Amino acid sequence: MTHRRSLILTPFALAACSVLPDRPYVETQRFPLEPRRTGAPRAGRGRRTLLLRTLRAGAGMDTRNLRVIRPDGTESLDFYAEWAAPPAEAAEQSLRRWLIDSRLFAAILAPGSRVTPDFVMEGEITALAANQGQGLARAELTLLLVDERNGSRLVGQLVTDGTAPLPGGTAAPTAGQAAAAMSAALGHALASLEQALARYA
């Protein structure tokens, strides 16, 4: 005798087995943090060397997500738009490239270099956000400059910042607009730092 068993799936069971997503897939956008200098490079090159240590992430700066400050002062992190690299890492590479292109120093050394530097610079990125209420993006670096020629003498603390307008003013920026403005703001901060370092090169 052959026994047959029937398999009956109730509507509830069918729903439970469903693997269809509740919402459409949204691709994460990734933006480079790569400010570029404008204008002709300086003539000649400085005689001293500068060791740039690893740039650290300040408070709240350890996320890749784009940061927007709403008009009411609250912060918004865009989980579908982020930097291609951690902000501190990208800012350090931008700073290193900027200083090399500035020709202020004979060489910009990296940690582990066997060359004894004339100066050492270290610090952190302390701000990188688009402020919707102000219609501006802002970037800030806090750095220490040490003169190694005189027994590691602290030259001073440098706080350099830069701003750039958001294309839409105080309207909510798109991810692309916010990223471009923040990158430009970092470029202005680096240009300001270059001017401050010129006296030591």
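Here, every reference points to the structure presented above.
Residues numbered from 1 in each chain as written. Predicted model: local features only at pLDDT ≥ 70, side-chain atom pairs only at ≥ 80, totals over all residues. Heavy atoms only, no water.

K.L.:
Explain the overall build of the protein to me, please; I cannot follow it from the model alone.
P.N.:
Within the protein, the secondary structure is distributed over three helices and nine strands. Counted from the first residue to the last, the protein has its helices and strands arranged as α-β-β-β-β-β-α-β-β-β-β-α. Classification of the 201 residues of the protein by burial places 39% in the buried group. Look at the contacts in the protein between residues 6 or more apart in sequence, and 71% of them connect residues 24 or more apart. Per element, the accessible surface of the protein, about 12,100 Å² overall, is 52% carbon and sulfur. (Helix = DSSP H or I, 4+ residues; strand = E, 2+ residues; numbered from the N terminus. Buried < 20%, exposed > 50% of the residue type's maximum accessible area, 1.4 Å probe, protein only. Contact = heavy atoms within 4.5 Å. Areas by Shrake-Rupley, 256 points an atom, 1.4 Å probe, with all protein chains shown as cover.)

K.L.:
Teacher, can you tell me more about the pairing of strand β2 (residues 49–52) here?
P.N.:
In summary, the side chains of a regular strand alternate between the two faces of the sheet. Alternating positions in β2 separate into two faces, Thr49 and Leu51 on one and Leu50 and Leu52 on the other, with burial throughout. Two strands pair when backbone bridges link them, and β2 and strand β6 (residues 107–109) are joined in this way by three bridges, in the parallel orientation. Residue pairing for β6: Leu51 is matched across the bridge by Leu109. Sheet topology note: the β2/strand β7 (residues 119–131) ladder contains three bridges and is parallel. Following the sheet pairing, Leu50 is matched in β7 by Phe119. (Pairing = 2+ DSSP bridges.)

K.L.:
Sorry, what's going on with a nonpolar patch on the surface here?
P.N.:
Together, Val26, Leu77, Phe79 and Tyr80 make up a nonpolar patch on the protein surface, roughly 380 Å² of accessible area in all. Locating Val26 in the fold gives a position in the loop between α1 (11–17) and β1 (29–31). (Patch = residues over 30% accessible without salt bridge, like charges linked within 9 Å, V, L, I, M, F, W, Y side chains within 5 Å. Salt bridge = Lys/Arg side-chain N within 4 Å of Asp/Glu carboxyl O.)

K.L.:
Explain the environment of Ser152 to me, please; I cannot follow it from the model alone.
P.N.:
Relative to the helices and strands, Ser152 is located in the loop between β8 (136–147) and β9 (153–165). Measuring from C-alpha to C-alpha, the distance between Ser152 and Val120 comes to 8.6 Å, with 32 residues separating the pair along the chain. Residues contacting Ser152, with those up to four places away along its chain left out, are Val146 and Asp147. Side-chain polar atoms of Ser152 contact the side chain of Glu148, separated by 2.9 Å. (Polar contact = N/O pair within 3.5 Å; in protein donor to acceptor, adjacent residues only side chain to side chain.)

K.L.:
I would appreciate a short explanation of the pairing of strand β5 (residues 75–83) in the present structure.
P.N.:
For β1 and β5, the ladder comprises three bridges, and the chain directions are parallel. Considered in β5, the bridge of Phe31 is made with Trp83. Two strands pair when backbone bridges link them, and strand β4 (residues 65–69) and β5 are joined in this way by five bridges, in the antiparallel orientation. Within the sheet, the bridge partner assigned to Asn65 lies in β5 and is Glu82. Here β4 hands over to β5 after five residues, with Gly73 in that stretch at a positive phi of 95°.

K.L.:
For this particular structure, what's the right way to read the pattern of salt bridges?
P.N.:
Close approach of charged atoms allows side chains with opposite charge to pair. Counting across every chain of the model gives ten salt bridges. Between Arg149 and Asp147 there is a salt bridge, with the nearest N and O atoms lying 3.0 Å from each other. If you follow the salt bridges from partner to partner, you end up with Arg138, Glu140 and Asp161 in one network.

K.L.:
Explain the packing of aromatic side chains here, please?
P.N.:
Aromatic rings considered in pairs are described by the distance between their centres and by the relative angle of their planes. In total, this model carries one aromatic pair according to the counting rule given. One Lys or Arg, Arg37, reaches over the ring of Trp98 and ends 4.7 Å from the middle of that ring. (Phe/Tyr/Trp six-rings, centres within 6.5 Å; stacked < 30°, edge-to-face > 60°. Lys NZ or Arg CZ within 6 Å of the ring centre and 35° of its normal.)

Purely geometric numbers; function is a separate question.
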